[in-house]
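Take a look at the letters that make up each chain.
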Amino acid sequence: MIIEQRENDLILKGVKCLSLPLTLDCGEAFRWEEQEDGSWSGVAFSKFLNIKEENGDFVLKNTSPEDFEAVWRNYFDLDRDYAAICERLKRDPLVAQTIDEYYGIRILNQDPWEALVSFVISQQNNIKRIKGIIKRLCEAYGDEVAEGAYSFPTAERLSALEVSDLEAIGAGYRAKYIKRLADDVASGRIDLSEIKAMELDDAKKALLDIYGVGIKVANCALLFGFQFVECFPVDVWMKRVLEYYPDGLPECFKGYEGIAQQYLFHWARNNL
C-alpha cells in the first residue's frame, strides 16, 4: 500500500480486496451512509471520515496522516493480507463462489464498547431499525465531531441516564441491558480492554456473563469489536449455511473463520 497526501486528503494506492459498499453496509457496522457521489461517510473512534474509491485508489477526505495511523489503518484492517486469505478460503467450493461474486468484504476493527452496545441493540432487530436507534443514541448523547456527525456516547455518559431515556430513542426492552452494561463499564466492574486481551474462549465466557448478552451478541462483538477473526457468529442465515457443512467447517477456514463467515453470510442473505 502506498499513501500519498493531496492537500488535505490522503490517497491509498494498491489496497487489495476492499469493497466499501460490501464492507460498510453488510451488517457488521451501523454508522456508515452512502453519499450521492458514491462516497461513504461515518464516525469511528470519535473521528469523522468520508472515503471514496476512485479508479482503484481510496480517497480519505480531510484526513491527516496522524488520524490515519491512529484510527483508519487498523479500522480497515489494512495491514492484513486479505488477498492471500481469500485465496486460502477459496479451497472451499462454496466460499470460492461467494468470494468471486462478492470480493472485497473485510472485517472492520471497531471500538469494543461501540460494537458491544450495537449488537445488544441488534437483538431481534433489522439493520434499518438498528441504524436508526444508534443514530438517535449518538445524536442525543454523543459529541458533534463534524457537521451533523456525532461520536458514539461513552459508558460514563450512558450510565448517567435512566432506562426511560434509552427507551425514548427506541431501544425498547434492550434499554435495560444497555443501562446495566454502561453502569458496569463506567464503574470498572467490566473491563473491555481486559476481555480483549484474553484467549477467545475466556473472552466469550466473560461476555456471556454480561446481563443481556447471549451467544450471538457475544460472537458478533468478539469478531467485529475485539478482533477475534477466528470467531464464527451463527444466526438464522448461518444456520442455513451450516447445512452445507454437515461434517463441520473446512480446514481452510482455520484461523479466519470470521472472514469466511462474512462472505457466507452475505451469500446467504442474497441467495437463500
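What counts and what doesn't
- Residues numbered from 1 in each chain as written.
- Predicted model: local features only at pLDDT ≥ 70, side-chain atom pairs only at ≥ 80, totals over all residues.
- Heavy atoms only, no water.
- Helix = DSSP H or I, 4+ residues; strand = E, 2+ residues; numbered from the N terminus.
- Rg over C-alpha atoms; globule rule 2.2 N^0.38 Å.
- Contact = heavy atoms within 4.5 Å.
- Areas by Shrake-Rupley, 256 points an atom, 1.4 Å probe, with all protein chains shown as cover.
- Phe/Tyr/Trp six-rings, centres within 6.5 Å; stacked < 30°, edge-to-face > 60°.
- Buried < 20%, exposed > 50% of the residue type's maximum accessible area, 1.4 Å probe, protein only.

J.: How would you explain the overall build of the chain if you had to name every residue and give the values?
T.: Helix and strand counts for the chain come out as 14 helices and eight strands. A globule of 272 residues ought to have a C-alpha radius of gyration of about 19 Å, and the chain, at 19 Å, matches this closely. Across its three principal axes, the chain shows a C-alpha extent of roughly 55 × 50 × 35 Å. Put simply, of all contacts in the chain between residues at least 6 apart along the chain, 65% involve residues at least 24 apart. Carbon together with sulfur atoms contributes 45% to the accessible area of the chain, which is approximately 12700 Å² in total.

J.: Before we move on, can you summarise the packing of aromatic side chains with the specific residues and values?
T.: One pass over the structure, following the stated rule, counts twelve aromatic pairs. Judged by centre distance (5.2 Å) and plane angle (85°), the rings of Tyr75 and Phe76 are edge-to-face. Assessed through its relative accessible area of 3%, Tyr75 is described here as buried. Of the residues examined, Phe76 reaches a relative accessible area of 3% and is grouped as buried. Considering the side-chain rings of Tyr177 and Tyr211, the 5.1 Å spacing of their centres and the 80° angle between planes classify their relative orientation as edge-to-face. Residue Tyr177 is found in helix α9 (residues 175–187), and its partner Tyr211 is found in the loop between α11 (200–208) and α12 (215–225); the two are separated by 34 residues along the sequence. Overall, Tyr211 belongs to the partly exposed group, its relative accessible area being 35%. The rings of Trp32, Trp72, Tyr75 and Phe76 are connected pair by pair, giving a single aromatic cluster.

Everything listed here is a matter of coordinates, which is why it stays silent on function.
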